[in-house]
Amino acid sequence: MIEIKKHIPNTLTCANLLCGCFGILKVFNGDLPTASYLIGIALICDWLDGFVARLLHVSSPIGKQLDSLADMVTFGALPAFMILNLIESSCTGYCTTGLFGFHKPYIAFGLAIFSAVRLAKFNIDTRQSDSFIGVPTPANGMVVAALPLIAFYQPEYKDFFINYNVLIFYSIIMSYLLVAELPLFALKFKDFDWKSNQTKYIFLILSIFLLVFLKFVAVPVIILIYILLSIIQNFLLKSNQ
């Protein structure tokens, strides 16, 4: 029983990785909404593997490395392929090549490269036990997963989000934010009092409100609010020092 128990978190991590593999296959088949749902399932597995590991007291160094490798595929490579597909589908031809004939939609692969750098840094950075430095890769995965669902279920917003310039801009900015020296709060609660968790509670309340009224459009807005609230919190902490 003990032997089985210690493999449960890694099994969930592998399920995350499998979702990423199937998601990439779906992108190649032109089925981006299914790829989005697979990212959603992977997010649940990604949260559960850490939760179960702590609950069963079976955390291990290999589990940490495996988690990062799975995240690289599901929240790094898969979103990069999805953005590439969306950029190419929103481009009419004149915008495909740039300086020295560079195929500009390939800028999307910056998301994969900087996700790898971000995950490598995370594994050796002791500052990120209770907070994050740079945007976590699952946050990028959430935003990208929302885009095909916005296009499918909320087509009135499609022209804004599935827009060549917007997608190129997103690829560049998010690639930077993944590795930026930007402290971001983590949704981890040591206690549940309002004073010490004020920013987290405000974020959760706003997120629920936005999801109810904006549905899939809420996801990129929530990630933007997450970044802005973290910046405000950092400013206030520095001001009080």
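Just above, that's the structure.
The paragraphs below set out a description of the structure included in this document. (Residues numbered from 1 in each chain as written. Predicted model: local features only at pLDDT ≥ 70, side-chain atom pairs only at ≥ 80, totals over all residues. Heavy atoms only, no water.)

### Let's talk about the pattern of salt bridges
Step number 1: Inspection of every chain in the model, using the stated rule, returns one salt bridge.
Step number 2: Residues Lys121 and Glu181 are paired through a salt bridge, measuring 3.6 Å at the closest nitrogen-oxygen approach. Here the residue Lys121 occupies a position in helix H5 (residues 110–124), and Glu181 occupies one in the loop between helix H8 (164–179) and strand S2 (183–185), the gap between them amounting to 60 residues.
Step number 3: Judged by its relative accessible area of 26%, Lys121 falls in the partly exposed class. (Salt bridge = Lys/Arg side-chain N within 4 Å of Asp/Glu carboxyl O. Helix = DSSP H or I, 4+ residues; strand = E, 2+ residues; numbered from the N terminus. Buried < 20%, exposed > 50% of the residue type's maximum accessible area, 1.4 Å probe, protein only.)

### Describing the packing of aromatic side chains
Step number 1: If you walk through the whole model with that rule in mind, you get 12 aromatic pairs.
Step number 2: For the ring pair Phe122 and Phe132, a centre distance of 6.5 Å and an interplane angle of 40° mean the geometry is tilted. Of this pair, Phe122 sits in helix H5 while Phe132 is found in strand S1 (residues 131–133), placing the two residues 10 residues apart along the sequence.
Step number 3: Note on Phe122: relative accessible area 26%, which makes it partly exposed.
Step number 4: With 4.9 Å between their ring centres and 80° between their planes, Phe185 and Tyr226 make a pair best called edge-to-face. Remark: Tyr226 occurs in helix H10 (residues 218–240) and Phe185 occurs in strand S2; sequence separation between them is 41 residues. Take Phe185 and Tyr226: they sit in the same class, and that class is buried.
Step number 5: One aromatic cluster in this structure is built from Phe28, Phe81, Tyr106 and Phe109. (Phe/Tyr/Trp six-rings, centres within 6.5 Å; stacked < 30°, edge-to-face > 60°.)

### Structural notes on the packing of helix H4 (residues 61–90) against H8
Step number 1: Running from amino to carboxyl end, H4 crosses H8 at an angle of 155°, the nearest separation of the two axes being 9 Å. In terms of their interaxial angle, H4 and H8 are classed as roughly antiparallel. Read as a crossing pair, H4 and H8 show a hand that is left-handed. Taking contact as the criterion, the partners of Ile83, Leu86, Ile87 and Ser90 in H4 are, on H8, Tyr164, Leu167, Ile168, Tyr170 and Ser171.
Step number 2: Looking at the contact of H4 with H8 residue by residue, the class counts come to seven nonpolar, two polar and no charged. (Axes fitted to C-alpha atoms, helices over the stretch in contact; angles between N-to-C directions. Parallel < 35°, antiparallel > 145°, perpendicular 65-115°, else oblique. Left-handed = near helix turned anticlockwise from the far one by under 90°. Contact = heavy atoms within 4.5 Å. Nonpolar A, V, L, I, M, F, W, Y, C, P; charged D, E, K, R; others polar.)

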